[in-house]
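Results of the structural survey
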Amino acid sequence: MKLKLLAITLMSFNTLFAQEMPSNGNELIRMMHERYLNKWYPSLCFAQNVYNYKNDSLISTDVWYESYNTPGKLILKFTSWESGNGMVFRNDSLYVFSKGEISNKTLRLHDLIILGFDVYQQKVETTINQAERMGYNLNLLEKVALNGNPAWLVGDSSKLCFWVDAQSLLFLKMKRVSANSYREVDFAKYEYFDDFPVATLIKFYYAPGKLNMVEEYFNVRVNCSVDDSIFIPQKFSKSTW
């Protein structure tokens, strides 16, 4: 009986993969875009509980307030609306704020924004170009099981890669490994709001199996009214949504 169930599971697994097999990461990105074209939210507003860990122990918590607008714009306010602390991602740049002032500005393509949100709305060629600039090898693609479910793995799993659910074509996870650092981010749970999928539980790891941070979304609003001016760094302190 167990062997029969295993055979059925494997048959279903292989049947799903056989339905539409992308030849590489470029084609997978195109499939992701086409699946949700005109079916994705251009804006998202939410708050999140943030849990920080060290050596498997919870060491602190916080609340962040965030808003996203396509393509590539994200604002975060830490602790409270008035703290003056947070970040803005805009035009391939990251601005960090401390007490209302820009404390740091760096060039930054954000994997999670691009592969988890922008991919479904912006031009396919733009996403491919950004993924290559971030270092992903889009020529490498394989079918794998992730948490028991079929997924596509794009890139070099020993260095830099990301996973996409083979059925829903939703972004699931990314991993970046170097000689001096390890970063793994898991979109651990999706929920639906007005029939739109939103990853509401995000887990960050600093080593295999070692949690660094967990984000838990609440007060989620899709297609929220967002004034583009809130992503202008000089207006960070007064920005609300």
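Refer to the structure presented above.
Structure report, in brief. Every value quoted in this text rests on a predicted model; they were computed, and no experiment measured them. (Residues numbered from 1 in each chain as written. Predicted model: local features only at pLDDT ≥ 70, side-chain atom pairs only at ≥ 80, totals over all residues. Heavy atoms only, no water.)

Concerning the nonpolar core
In this structure, Leu44, Tyr136 and Phe162 are the most contacted members of the largest nonpolar core, which totals 54 residues. Those residues in contact with Tyr136 that lie beyond four places of it in its chain are Asp111, Leu115, Ala131, Leu160, Cys161, Phe162 and Met174. Of all hydrophobic cores here, the second largest spans eleven residues; its members include Cys45, Cys224, Ile230 and Trp241. (Core = buried A, V, L, I, M, F, W, Y, C linked by side-chain atoms within 4.5 Å. Buried < 20%, exposed > 50% of the residue type's maximum accessible area, 1.4 Å probe, protein only. Contact = heavy atoms within 4.5 Å.)

Describing the side chain of Arg90
In this fold, Arg90 is placed in strand E4 (residues 86-90). In this structure Arg90 comes out as buried when scored by relative accessible area, which is 19%. The contacts of Arg90, once residues within four sequence positions are left out, are Gly72, Lys73, Tyr95, Asp228, Phe231, Ile232 and Pro233. (Helix = DSSP H or I, 4+ residues; strand = E, 2+ residues; numbered from the N terminus.)

Quick notes on the packing of aromatic side chains
Tallied over the entire structure, the rule returns 15 aromatic pairs. Here Trp81 and Trp241 contribute two aromatic rings whose centre-to-centre distance is 4.7 Å and whose plane-to-plane angle is 65°, an arrangement assigned as edge-to-face. A residue pair is termed long-range when its members are at least 10 positions apart, and Trp81 in the loop between strand E3 (73-78) and E4 and Trp241 in the segment after strand E13 (210-222) qualify at 160 residues. A residue is classified by how much of its surface remains accessible, and Trp81, at 28% relative accessible area, is partly exposed. An aromatic cluster is defined as three or more aromatic residues linked by ring pairs; in this entry it consists of Tyr36, Trp40, Tyr41, Tyr68, Phe117, Tyr120 and Phe196. Taking the ring centre of Phe236 as reference, the NZ or CZ of Lys77 above it sits at 5.0 Å. Lying over the aromatic face of Trp163, Lys173 brings its terminal NZ or CZ to 4.9 Å of the ring centre. (Phe/Tyr/Trp six-rings, centres within 6.5 Å; stacked < 30°, edge-to-face > 60°. Lys NZ or Arg CZ within 6 Å of the ring centre and 35° of its normal.)

Re the layout of surface pockets
The gaps of empty space that remain are located by a probe, the size of a water molecule, rolled over the atoms. In this model, the largest pocket occupies a volume close to 380 Å³. Along the wall of the largest pocket there are 22 residues; nearest its centre are Leu76, His110, Leu112, Phe204 and Glu215. Those elements that place two or more of their residues in the lining of the largest pocket are strand E1 (43-54), strand E2 (57-69), E3, E4, helix H3 (111-116), strand E11 (182-193), strand E12 (196-207) and E13. Residue composition of the lining of the largest pocket, by class: 16 nonpolar, two polar and four charged. Counted as a void, the second largest pocket has a volume near 250 Å³. Along the walls of the second largest pocket sit 13 residues, with Asn147, Asp165, Leu172, Phe187 and Ala188 positioned nearest its centre. When contributions to the lining of the second largest pocket are tallied by element, the ones reaching two or more residues are strand E10 (171-177) and E11. A total of five residues in the lining of the second largest pocket trace back to one element, the largest contributor, which is E11. (1 Å grid on protein atoms, 1.4 Å probe; cavity = no way out; pocket = protein on both sides within 12 Å on 5 of 7 lines; lining within 4 Å. Points joined across faces, edges and corners; volume = space filled by probe spheres on them. Nonpolar A, V, L, I, M, F, W, Y, C, P; charged D, E, K, R; others polar.)

Some remarks on the pairing of E11
Note: E10 against E11, five bridges, orientation antiparallel. Its bridge partner being in E11, Met174 is matched across the sheet by Val185. The turn linking E10 back onto E11 is made up of four residues. Where E11 and E12 come together, nine bridges link them in antiparallel fashion. Note that in E12 the partner of Asp186 across the bridge is Lys203. Count of turn residues in the E11/E12 antiparallel hairpin: two residues, of which Asp194 carries a positive phi of about 55°. (Pairing = 2+ DSSP bridges.)

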